[in-house]
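Spelled out from the first residue to the last, the chains are:
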Amino acid sequence: MVPARKNGYAIGAFNVQNLESTLAIVEAAAEEKSPVIMQITPSVIKYAGLAYIISIVKTAAQSAPVPVAMHLDHGEDFETAAKCVEAGFTSVMIDGSFLSFEENSALTKRVVDIAHRKGVSVEAELGKLAGVEERSVEEKEAILTDPDAAAEFVEKTGVDALAVAIGTSHGAYKFKSEAKLDLERLKAISKKVSIPLVLHGASNVPQWIVEKANKYGAALSGAKGIPEEQIKQAISLGIAKINIDTDLRLAFTATVREVLTNSPKEFDPRKILGPAKDAMKEVAKSKMRLFGSSGKA
Ligand code: TD4
Ligand code: CA
Ligand code: ZN
């Protein structure tokens, strides 16, 4: 990510849950000759089991012709982060964004201390991503990342990458009205913080995929994401890791629905999940091109 920030591109960090999402991402990275980050959340560890998900992702990383990082996304406590450091993750996120500045710094520092001893890098988060619900302007202001606090946080903790809150949120319903990131704030953070910055909640929620899903029975009206132009601007302002989960989920779901509707006699899981995996792969490839990481491996 350091070369990415230096050279004005970003690495895609895609969430994996199972074999299909792992294959989609590693195949995309190989075809695009792009480095890639595969990230695993605590809820995936609960769903699949740490040993299963690690062996799938490690197998992908070992057989890929491009660099593949295995990252813990939104590590919720010290124990989870420590377990992943021990288990061979290349990087971990410790998300103390709901703690006070002091508590978040202290927790992050503890994780940095054990991770760096093993050569594992650490991402932390300062500020809170906006929720799905509408918030008043004042409240919203209060949760976005403060540039001075960000500089102090990085200095205090020795963290390797920082997730910033600049108006994005997780999921498929990011904006009720105009989609807008606080790029001025990002610029100010970027001036004071030189480590790679991370953009969570960066899915675009492509309308053609939402429409396809809805055509085959989904109920996803009003879904809205971040316009691609704003992603490009964010990269030019220091974002070097971009988290994408929702767009892959949407592509998967729309295709599963399409296959089940159009081929009612089909009951081979591979014939249902295979096309869904390919749809996720196409989305991942288009992200690598958008982020400028294609050809960088
Ligand atoms: O960090 N992420 C992924 C969050 C995934 C939460 O997943 P679980 O259900 O496994 O807990 C992002 O920033 C993704 O942003 P996006 O815009 O794709 O939702
Ligand atoms: Ca958080
Ligand atoms: Zn996130």
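Treat the numbers as computed from the prediction; the structure is a model and nothing was measured.

Cut-off values and rules
- Residues numbered from 1 in each chain as written.
- Chains lettered and ligands numbered in written order.
- Predicted model: local features only at pLDDT ≥ 70, side-chain atom pairs only at ≥ 80, totals over all residues.
- Heavy atoms only, no water.
- pLDDT = per-residue confidence, 0-100.
- Contact = heavy atoms within 4.5 Å.
- Phe/Tyr/Trp six-rings, centres within 6.5 Å; stacked < 30°, edge-to-face > 60°.
- Helix = DSSP H or I, 4+ residues; strand = E, 2+ residues; numbered from the N terminus.
- Lys NZ or Arg CZ within 6 Å of the ring centre and 35° of its normal.
- Donors = N, O, S within 2.8 Å, 3.2 Å for Na, K, Ca; no water.
- Buried < 20%, exposed > 50% of the residue type's maximum accessible area, 1.4 Å probe, protein only.
- Salt bridge = Lys/Arg side-chain N within 4 Å of Asp/Glu carboxyl O.
- Near = heavy atom within 4 Å.
- Polar contact = N/O pair within 3.5 Å; in protein donor to acceptor, adjacent residues only side chain to side chain.
- Areas by Shrake-Rupley, 256 points an atom, 1.4 Å probe, with all protein chains shown as cover.

## So, the confidence of the model for the protein chain
Parts of the model with low pLDDT should not have their predicted coordinates read in detail.
Item 1. For the protein chain, mean pLDDT is 95; residues scoring 70 or higher make up 96% of the total.
Item 2. In the predicted structure, residues 132-137 sits below a pLDDT of 50 and forms six contacts with residues beyond four places in sequence or in another chain.

## Examining the packing of aromatic side chains
Item 1. Following the criterion strictly, the structure yields one aromatic pair and no others.
Item 2. On the basis of an interplanar angle of 70° and a centroid distance of 6.0 Å, the ring pair of phenylalanine 101 and phenylalanine 153 is categorised as edge-to-face. Highlighted residues: phenylalanine 101 in helix α6 (residues 101-117) and phenylalanine 153 in helix α8 (residues 147-157), separated in sequence by 52 residues.
Item 3. Positioned above the aromatic ring of phenylalanine 78 is the side chain of arginine 110, whose terminal nitrogen or guanidinium carbon lies 3.9 Å from the ring centre.
Item 4. Positioned over the ring face of tyrosine 9 is lysine 296, at 4.7 Å from the centre of the ring.

## A few points about the coordination of the calcium ion (ligand 2)
Item 1. Summarising the metal site, the calcium ion (ligand 2) is bound by the protein donors Asp95 (OD), Asp95 (OD), Ser97 (OG) and Glu125 (OE), whose distances to it range over 2.3 to 2.8 Å.
Item 2. For the calcium ion (ligand 2), the single-chain donor residues occur in sequence as D-x1-S-x27-E. In this pair, serine 97 is assigned in the loop between β4 (91-94) and α6 and glutamate 125 in strand β5 (residues 121-126), connecting sequence segments 28 residues apart.
Item 3. Residue class for serine 97 comes out buried when judged on its relative accessible area of 5%.
Item 4. We classify glutamate 125 as buried; its relative accessible area is 3%.

## Observations regarding the environment of phenylalanine 78
Item 1. Summarising the element assignment, phenylalanine 78 is placed in helix α5 (residues 78-86).
Item 2. A relative accessible area of 16% places phenylalanine 78 in the buried class.
Item 3. Sequence spacing of phenylalanine 78 and glycine 96 is 18 residues, and the spatial spacing of their C-alpha atoms is 9.8 Å.
Item 4. Apart from the residues within four sequence positions on either side, phenylalanine 78 is in contact with Ile94, Leu107, Arg110, Val111 and Ile114.

## Some remarks on the pattern of salt bridges
Item 1. Applying the stated criterion across every chain yields a total of 18 salt bridges.
Item 2. One salt bridge connects glutamate 31 with lysine 281, and the closest N-O pair in it is separated by 2.8 Å. Here the residue glutamate 31 occupies a position in helix α2 (residues 19-32), and lysine 281 occupies one in helix α13 (residues 269-291), the gap between them amounting to 250 residues.
Item 3. Given a relative accessible area of 42%, glutamate 31 falls into the partly exposed group.
Item 4. Exposure remark for lysine 281: the relative accessible area of 11% places this residue in the buried category.
Item 5. Of the charged contacts in the structure, one is a salt bridge between glutamate 32 and arginine 289, with a shortest N-O distance of 2.7 Å. Remark: arginine 289 occurs in helix α13 and glutamate 32 occurs in helix α2; sequence separation between them is 257 residues.
Item 6. In this structure, a network of salt bridges that share partners links the residues Glu27, Glu31, Lys277, Asp278, Lys281 and Lys285.

## So, the coordination of the zinc ion (ligand 3)
Item 1. Protein-derived coordination of the zinc ion (ligand 3) comes from His74 (NE2), His170 (NE2) and His200 (ND1), at a distance range of 2.0 to 2.1 Å.
Item 2. Residue classification places histidine 74 among the buried residues on the basis of a relative accessible area of 17%.

## Details of the site of ligand 1
Item 1. Every one of the 17 residues lining ligand 1 counts as a neighbour, but Thr41, Lys174, Ser203, Asp245 and Thr246 are closest to it.
Item 2. Residue serine 43 places a side-chain N or O atom 2.7 Å away from an oxygen atom belonging to ligand 1.
Item 3. Its free accessible area being 500 Å², ligand 1 has 82% of it covered by the protein chains.
Item 4. Among the secondary structure elements, those contributing two or more residues to the shell around ligand 1 are β3 (68-75), β8 (239-244) and α12 (246-262).

## Topic: the side chain of threonine 108
Item 1. Relative to the elements of secondary structure, threonine 108 occurs in helix α6.
Item 2. Those residues in contact with threonine 108, other than ones at most four positions away along the chain, are Ile94, Ala124, Phe153, Thr157 and Val159.

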